[in-house]
Every structure is written in structure tokens, then in C-alpha cells.
Amino acid sequence: MHHALPSRLAPMRMTRLFGHTRRERTDADTENLDLLLRAGFIDQLAAGSYTYMPLGYRTKRKVEAIVRQEMDRAGAQEVFMPAIQPSELWEQSGRYDVFGATLFRVTDRRERALVLAPTHEEVITRLFRDHAQSYRDLPATLYQIQTKFRDEARPRGGLIRVREFTMKDAYSFDMDEAGLDASYTAMFEAYRRIFARCGVPTVPVEADSGAIGGKGSQEFIFIADIGEDTILICNQCGYAANTEKAEFVRPATDRPAGTSPSSVRGEPGEPPRGAQPAETPAPEPPLPTEEIATPGTSTIEALAQLLGIPASRTAKAVLLAATNPHHPTDPPEAVFAVIRGDLDVNEIKLSNALGGRELAPLTEARIRDLGAVPGYASPIGLERRFRVVADTSIMDAPNLVAGANREGYHLRNVNVGRDWEPEIVTDIALGRHGHTCARCGTGTLEERRGIEMGHVFRLGTIYTQAFEVNVLAEDGARRTPIMGCYGIGVDRIVAAAVEANHDDSGIRWPAAIAPYEVHLVALGASRDPAVATDADALYEELRAAGIEVLYDDRDESAGVKFNDADLIGLPFRLTVSSRNLKDGLVEVQPRGSDAARLARSEVTAHLVEQLTAARTG
RNA sequence: CGGGGAGUGGCGCAGCCUGGUAGCGCACUUGACUGGGGGUCAAGAGGCCGCACGUUCAAAUCGUGUCUCCCCGACCA
């Protein structure tokens, strides 16, 4: 049943509608939050906790209805799992500690440790284990629309980062990789349709699958400056990835003579694959190390400027404290991450290289304790009470300038292998605006801010193994099913839809998720009984035709009503007034377009026609 | 968790420095006028001044503590 309509929601008279618009702007820092608050869609209870008022809740329900339709269409089955879960379940998967402080922990009256679920992999896996027995039960994709709880360190951005939110989460179970591919693709396509129908433009980007493994994941990003995520998009081939994941070609090391990086980078050549140097500079013999005075030069930028060298001729040491998430109480290890000065460390890649350690900046006291000096640190000449991870960029870069571990001094002509030895050499560099795309080898990566609206993830067997799930295969053997997981932030869709669809006077709801479809305005009804009678009749007529109407029957001036209609932002505004009534006309104004006057007798049919197409989005 | 800012009718703010009658705009109620882009006038209702302790004859105002909210950062499978 394609494009089944959500059941029609009841109409409403504004004299009865709970909640009022506000005339004055709020101090919200995003447009969507300001508009949602001002138009009376939501109300803030506490940091990261919002109430949906009647208007907002209708929109939210419509988003959920679209999500349900698309999940069902893709063959997923809806379930509903508990939000309150025994913490043992989380200990079994190892995530009780991994989730850290973000996990809401509660205790019941018997002192039993419980968790307010931030996601549901544990429960779904156990559910599947107990109810699926053979390959005949697979493939299976289950989903739910549930409240999730995350004790965010800092909720912000209105509905974007909250502590209690509604998420659609789906989980697929397949016998083999081919099956997972099919399930994953079905969800991917469903996501595209959901965002399109909700009027939220998204870009699928490659995402980091993290230390928990998995064979790839993609995020659906809504591109917006207010976003907290950074993504890189290739201006040539369209490759898009989270910065944490993005593959790029490193700019070659600048030659001391001052060969500009652009002249090197701009040369066409073999499109390099992966994060390898674009060009290998002619071998340069290692020179003797010498200490040089660089007072007050604790940044790479200042150092390069002082010495008149490019940043790529320096080595940057980033000092971090690494904690094993499975043993969070163990003392953290100190880590020196060394990278060429013109690049930045990608903490996700570094974390992955260290087996999923959680990283935090090393305190100044601990830096000094290791014998290093903040701003002048390097692994050179120090007693090895730390781990050293080197980025591949450093390995073929000779005669670099590095910290001397002495206030106000650096070392010239530092060479890896001779002066210091890394424990791990790997790619730990962060992709940046302007880097060359590694996919096509010619395009330039452009940096964009965005909000993660959804995430599709080939999970693998991490959870099915942790919970010892296996099913009988066709050949009689027991197999561990392969999982995929797929999440969508429902509240984020509401916020993003507003962010993407508004103008100076208010929201411009996509018809598919507008709280009502038609804003019926009666002008001067209190002084012209004919207007009141006709507007009432039209209200009933629209309702009977299955149109969701918000009827402004208040005794307010035209200006107030029009401004409120613009702010609330329904797709169509109908105006009944004595002026038009005597000509047998009604004014129809699509939100954001010019008004037209239609014969009173044709209005309902006209709107039914207009809305039928728009409803499915 | 570190840094900064703020808590005074529903919302936004002033008052605090220099202690003594709690004020303004929006919103709300009633009435009159007005009537196609937030109209005018008049009369009203509504406030443990975040909380606690202290100083004082007297605290929104001074002091200490605490809670909350906002912003920056850290954090965010």
C-alpha cells in the first residue's frame, strides 16, 4: 500500500488551541528554536528537556507516521522495548563503562542498578536470541520509535542535542554479508525517502565506524552552519565524509627552498589512493641536530613565522591521556602523537590506532612530570614513560623543527629513526578544507558544518557474539547472525525541517509535516455575522473533506491574524472577509506565495487537489 | 568538568553600586472605539525578587553557601 495517508488529525479552532504565539523574538541561538518557541510548538522545561505543545506534537506525530510508513514499506516490523533496563545487560555487552557518564544510571527501591537506555542494541539482541531459532526466521529487521536518554555533558542547540529525545532505531539480522547488504540498502533507501518527505535535505556521508568495528557506516547529514559535525565534500567527484573518516591526499612537504605547496599539489599525476603523500621530495640528507632559541614561540604558526619556514617543516607533538574504556579506573597512559606541523591530529583515528582508548588532553602537570614543556614538547631525549604514535607524514620528512623540551627552545634538523623512534606509525591526520580528495585525486575537499539526522551502520557480529546468538543454518550448522543498526532523530527532523523551511516572517512547513494543512482566517466576524456564518460553514466543509484545518476564530485584527498565520506557517491560508464574501470569493494564499481569489464554491475542491499531492511529501 | 554571564509577575528587562513604598515593555482581563499586516484609549488582575543562612532596627539591594539556566571549551557508539 504505497503512500497510505496518515489518518487525518482533528481540526482546531484557535480560540480553543492551547498555547499562544509570542510577539517578541526569543534569545534562542538558532532560527528553528526561536521559531518553534515563538510559534508555540515547544516549551523548555530544563536544559535539554522540551515539551511538545499541541502544535508541535502534531508535527512530531506526522514525522513519526512518515517514518513508520517507510520502515514498514522497507519490510521492517515495529516493536516497543523498555527504556528502563537492568545494568547487567550493559555490563554483558561491555558498554556500561564504554558509554561513560553519558549513560543515565538509576537505582530502584531495592538498590538494583538500572539504566535509562541511550540506545537498544543490547535489548534487541537478547530479544532476537530468544525468539529466532533458524535461518527461516531471517532476515529480520525490527524497529521502534522510543524515547532515549543521554546524560549529555552539555545539551545545546534546542532540539538538536537534548537529554531525552525520540529516536527511531532499527536493527537488522542476516545470515551472511550479502543479506546484510540487502538489509542495509533497504534502510538506506528508506532514509532517503523519509528525509525527502519531511523536507529536510540531507547528504549521505561516510562515517567512522569506531573502535567497535563494523564494516562501514554512513550518516545522513543536514548541511547547516549551526551543525556540530564537520564534513568534507569533494568539489569534483561528490565524495562526502565525516572529517573523522575522510580520505585525503596530504600536501607534500614543502622544500626548504620555498617551493610552494600549491605548485606541488596542483600537478596532475597518478591519482593516489588512500592517505599517502602526493609527492615524495627528493631525498635530503639528515643534518646534525642543533638547539635554537625560540622564546615565546609555543605554537606551530609562531614557530614557522619566527624561523621563516613552512609549517610542514616542523613536527607537532600532541599530548594526550589515553583511558581504556573497559577499565576506566586504571590510570591513563600518556601518549605523544607526532604529526607534521601543517596537519592536525584526528583523535578518532588515533583512538582507533590505540585500540579504542578514550583520549583527553594531558594536564600541564603531567606533561611536566614526563619531562616535557607545554608548547615545546617532543618525544626527543625523554625517558620513555609514554607511548609514541607517529603519523605517516612524519616518516619521510627530514630535518624538521621540533620542541626541545625546554622553555623557549626548539631543535633544528630532527629526524625520525635517528633522534626518536615511534611505537606506532599510522595515519592519524585530520582531513581539512583544501586538501585533495583521495577518491578522485583531483578534486578539492570543502568543509561544511552539518547536523547528523540519521545513521546507518553495518554492525557485524559484535552484539550477537556478546550475547551468544546463533541460529541453525540450512546446512545444519549454527551461525552467528550479522547485524545492522539504523537510527533517526525524530526531534532533529522537526528542528531541521524548520531550519530548512522558514523566512523572515515564520515557518514554511512542508505540507507532509505541517501541524495543520490550512489556516482558515475569518476577518471581522464579530461585526459581520455573515462572515462568521460562512467561515464556520467553510470550516465544517473542509473538515468533511478530510482537510486538517486550523480555524482562527479569534476576535483579533487582521494584522495579528496574518502575522500569526505566517509564523505558524501552514501550507495554505484561507481568508474569509466581508469584502470577498459579497463577491462570492475566498482568498487562498500558499505560504510564501502570492494570494489568489477563488470562487467560494470551488475552494474545498481546489485545496483537496493541492494537498493530495503534497501530503506524502 | 574548566572559563564567563544571568536568576525580579507568563515572556523580555530595569531597580542592586549608595539597604527603607517593587517598576517598565510585551502578553493577560473588562469596557469603549477601531477593523486587510502585530490599532487607540480607559480601568484592572498578577510578584516567598531562585533557595538557605548570615549582617542590620530594616535586605531584591550587603556577605557566605547552594541550586538552576545561558554562552565558550572539554565531551558527544
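To be clear, the structure that these remarks concern was listed above.
S.K.: Sorry, what's going on with the packing of aromatic side chains here?
M.R.: A ring pair, where both rings are aromatic, is described by two values, the distance of the centres and the angle of the planes. For the structure on display, the rule yields ten aromatic pairs. On the basis of an interplanar angle of 85° and a centroid distance of 6.1 Å, the ring pair of Tyr191 and Phe195 is categorised as edge-to-face. Of the two residues, Tyr191 and Phe195 both sit in helix H6 (residues 177–197), four residues apart, roughly one turn of that helix. By relative accessible area, which is 0% here, Tyr191 ends up buried. Judged by its relative accessible area of 1%, Phe195 falls in the buried class. Taking 5.0 Å as the distance between ring centres and 35° as the angle between the ring planes, the aromatic pair formed by Tyr539 and Tyr551 counts as tilted. Of this pair, Tyr539 sits in helix H14 (residues 529–544) while Tyr551 sits in strand E31 (residues 549–552); the two residues are twelve residues apart in sequence, bridging distant segments of the chain. When sorted by exposure, Tyr539 lands in the same class as Tyr551, which is buried.

S.K.: Explain helix H8 (residues 300–307) to me, please; I cannot follow it from the model alone.
M.R.: Within an α-helix, residues lying three or four positions from one another point in the same direction, as the helix has 3.6 residues per turn. Restricting attention to buried positions, one finds in H8 the residues Ile300, Leu303 and Ala304. The buried residues of H8 occupy an angular sector of 95° when the element is viewed end-on, so they sit on one face. Opposite the buried face of H8, at more than 90 degrees from it, the exposed residues are Glu301 and Gln305. Summarising the contacts, the buried residues of H8 are in contact with strand E16 (315–323), strand E20 (400–406) and strand E21 (409–414).

S.K.: Looking at this structure, I do not really get the protein's contact with RNA strand B. What am I missing?
M.R.: Looking at RNA strand B, there are 37 residues lining it, with Arg23, Arg154, Arg161, Asp566 and Ser577 nearest. Taking the atoms of RNA strand B that fall within 4 Å of the protein, sugar and phosphate contribute 39% of them. Within the side chain of Arg95, an N or O atom sits 3.2 Å from a base nitrogen of RNA strand B. In this structure, a base nitrogen belonging to RNA strand B sits 2.5 Å away from a side-chain N or O atom of Glu587. Looking at the surface near RNA strand B, the elements with two or more residues in it are strand E2 (42–46), helix H15 (558–568), strand E32 (572–576), helix H16 (578–581) and strand E33 (585–590). Ranked by the residues each element gives to the surface near RNA strand B, the list is headed by H15, at seven residues. When the residues that make up the surface near RNA strand B are grouped by side-chain class, the tally is nine nonpolar, nine polar and 19 charged.

Calculation notes
Residues numbered from 1 in each chain as written. Chains lettered and ligands numbered in written order. Predicted model: local features only at pLDDT ≥ 70, side-chain atom pairs only at ≥ 80, totals over all residues. Heavy atoms only, no water. Phe/Tyr/Trp six-rings, centres within 6.5 Å; stacked < 30°, edge-to-face > 60°. Helix = DSSP H or I, 4+ residues; strand = E, 2+ residues; numbered from the N terminus. Buried < 20%, exposed > 50% of the residue type's maximum accessible area, 1.4 Å probe, protein only. Arc of directions from axis to C-beta. Contact = heavy atoms within 4.5 Å. Near = heavy atom within 4 Å. Polar contact = N/O pair within 3.5 Å; in protein donor to acceptor, adjacent residues only side chain to side chain. Nonpolar A, V, L, I, M, F, W, Y, C, P; charged D, E, K, R; others polar.

Everything listed here is a matter of coordinates, which is why it stays silent on function.
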